[in-house]
Amino acid sequence: MISETWLRGLPLAVLTISLVAVPVLLLEPQGLPRMRALEGELRGVEAENAELRRDVGKLRSEVKELRENPTAVERIAREQLGLVRKSEVVFQFDRK
C-alpha cells in the first residue's frame, strides 16, 4: 500500500511542477507570444472580412440597379465601355 507520507507530499509535488511548468509553457514561442500573434492576425482577417462584406453589398446593389434600371445600363456602357448611340456624333480633341 502507498505510504501516508507519500500521499501528503503528492499535492506539494504537483504544485511545484505546476509552478515551474506553467511559466515555461506560457513563455515559450508556441505559448503566449504565439497566441498574441494569432489574435492580431485574427483582428486583421476580421477587418478584411468586414471590408469584403461592404464590397459585396455595393456590388449587389449595383447588380440590382443594372437589372431593374435601363438608364443604369446605358450609363455603365457610356462611362466604362465608351459606347455611344448610332444617332450621336463623337468629337475627339487632342489634349495639349
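Each remark here, short or long, concerns the structure printed above.
In short, a report on the structure.

Here is what the cut-offs are and how they apply
- Residues numbered from 1 in each chain as written.
- Predicted model: local features only at pLDDT ≥ 70, side-chain atom pairs only at ≥ 80, totals over all residues.
- Heavy atoms only, no water.
- Helix = DSSP H or I, 4+ residues; strand = E, 2+ residues; numbered from the N terminus.
- Expected span 1.5 Å × (residues − 1).
- Buried < 20%, exposed > 50% of the residue type's maximum accessible area, 1.4 Å probe, protein only.
- Arc of directions from axis to C-beta.
- Contact = heavy atoms within 4.5 Å.
- Polar contact = N/O pair within 3.5 Å; in protein donor to acceptor, adjacent residues only side chain to side chain.
- Salt bridge = Lys/Arg side-chain N within 4 Å of Asp/Glu carboxyl O.
- Bend = angle between axes of the 7 residues up to and from the residue.

### Focus: helix 3 (residues 70-81)
In this model helix 3 runs 16 Å from its N-terminal to its C-terminal C-alpha over 12 residues, within 8% of the 16 Å that 1.5 Å per residue would give. For helix 3, every residue scored as buried is listed here: Ala72, Ile76 and Ala77. One side of helix 3 holds all its buried residues, which, seen down the axis, span an arc of 140°. In helix 3, the exposed positions that point more than 90 degrees away from the buried face belong to Pro70, Thr71 and Glu79. Buried residues in helix 3 make contact with helix 2 (32-68). Between the side-chain oxygen of the N-cap and the backbone nitrogen of Thr71 there are 3.1 Å, and the N-cap of helix 3 in question is Asn69. Directly after helix 3, the chain includes Gly82, whose backbone phi takes a positive value near 70°.

### So, the pattern of salt bridges
Pairing of side chains with opposite charge becomes possible as their charged atoms draw close. Per the counting criterion, the structure on display carries five salt bridges. Close ionic contact of Glu74 with Arg78 constitutes a salt bridge, the shortest N to O distance being 3.0 Å. Residue Glu74 and its partner Arg78 are both found in helix 3; the two are separated by four residues, about one turn of the helix. Take Glu74: its relative accessible area is 27%, and that puts it in the partly exposed class. A single salt-bridge network, built from bridges that share partners, covers Glu74, Arg78, Arg85 and Glu88.

### Examining helix 1 (residues 4-27)
Under the 1.5 Å per step criterion, the end-to-end length of helix 1 is 36 Å for 24 residues, consistent within 8% with the ideal 34 Å. Maximal helix bending in helix 1 amounts to about 30°, located at Leu10; proline Pro11 follows within four positions.

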